[in-house]
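Breakdown of the fold
For reference, the chains in residue letters:
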Amino acid sequence: MSIMEQIKETIESSPVVLFMKGTPQFPQCGFSARAVQILQACGAEFTHVDVLANPEIRANLPQYSNWPTFPQLYINGELVGGCDIAIELFEKGELQKMMQTATANP
Ligand SMILES: N[C@@H](CCC(=O)N[C@@H](CS)C(=O)NCC(=O)O)C(=O)O
Ligand code: FES
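Quick caveat, the model's predicted, so the values are computed rather than measured.

The rules behind these values
- Residues numbered from 1 in each chain as written.
- Chains lettered and ligands numbered in written order.
- Predicted model: local features only at pLDDT ≥ 70, side-chain atom pairs only at ≥ 80, totals over all residues.
- Heavy atoms only, no water.
- Pairing = 2+ DSSP bridges.
- Helix = DSSP H or I, 4+ residues; strand = E, 2+ residues; numbered from the N terminus.
- Axes fitted to C-alpha atoms, helices over the stretch in contact; angles between N-to-C directions.
- Contact = heavy atoms within 4.5 Å.
- UniProt positions renumbered as here; feature names shortened; annotations may be inferred.
- Phe/Tyr/Trp six-rings, centres within 6.5 Å; stacked < 30°, edge-to-face > 60°.
- Buried < 20%, exposed > 50% of the residue type's maximum accessible area, 1.4 Å probe, protein only.

1. Here we look at the sheet that holds strand E4 (residues 78-81)
Pairing is mixed in the open sheet, where four strands are placed in the order E2-E1-E3-E4. Lying at the two open borders of the sheet, with one neighbouring strand each, are strand E2 (47-50) and E4. Neighbouring strand axes in the sheet, compared pairwise and without regard to direction, differ in orientation by 25° on average. Note that strand E3 (residues 72-75) and E4 share three bridges and pair antiparallel. Note that in E4 the partner of Ile75 across the bridge is Glu78. Across the sheet, helix H1 (residues 3-12) is in contact with strand E1 (16-20), E2 and E3; its angle to E1 comes to roughly 130°. The strands touched by helix H2 (residues 30-42) are E1 and E3; relative to E1, the strand with the most contacts, the crossing angle is about 160°.

Structure follows, in structure tokens:
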């Protein structure tokens, strides 16, 4: 499987996926730490990928999604954005709704 196929599979493997530096327990960058805090405040489950432990993903995800930096948040297979956009959506109360809808069991 090519790296682009692997990335696609990962993004589609879970309703909410955060590509970040480090892990939710031990974030390795303030931007990633902030994104984790916000997702946790939304109270819905999310999957994470540590791009520091996956250099191929770090090198190729920016091309895949046309977004240059980390963290990168995907909901239902689509890029939402980075830390700034996550904060903005959270402050408007929209991220909570997006995550609840994405992770709700019918
Ligand atoms: N304003 C950005 C901050 C993220 C950012 O600037 N990330 C940088 C430093 S952690 C980055 O990912 N650089 C590319 C790299 O390290 O591969 C956001 O909203 O997410
Ligand atoms: S690792 Fe330096 S700003 Fe994120």
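2. Details of the UniProt feature "binding site: glutathione" (unreviewed entry) in the protein chain
If you check UniProt for "binding site: glutathione" (unreviewed entry), the listed places come out as Lys21, Arg58, Phe70, Cys83 and Asp84 in our numbering. You can see Arg58 is positioned in helix H3 (residues 55-65). With residues near it in sequence (within four places) discarded, Arg58 still touches Lys21, Val51, Leu52 and Phe70. Within the fold, Asp84 resides in helix H4 (residues 83-91).

3. Quick word on the side chain of Ser65
Take Ser65: it is sitting in helix H3. The contact partners of Ser65, leaving out residues within four places of it in the chain, are Gln72, Tyr74 and Leu79.

4. A few points about the packing of aromatic side chains
Counting across every chain of the model gives one aromatic pair. Each ring, one from Phe19 and one from Tyr74, has its centre 5.5 Å from the other, and the planes form 80°; the classification is edge-to-face. Here Phe19 is found in strand E1, whereas its partner Tyr74 is found in strand E3, with 55 residues between them in sequence. Residues Phe19 and Tyr74 agree in their burial class; the two are buried.

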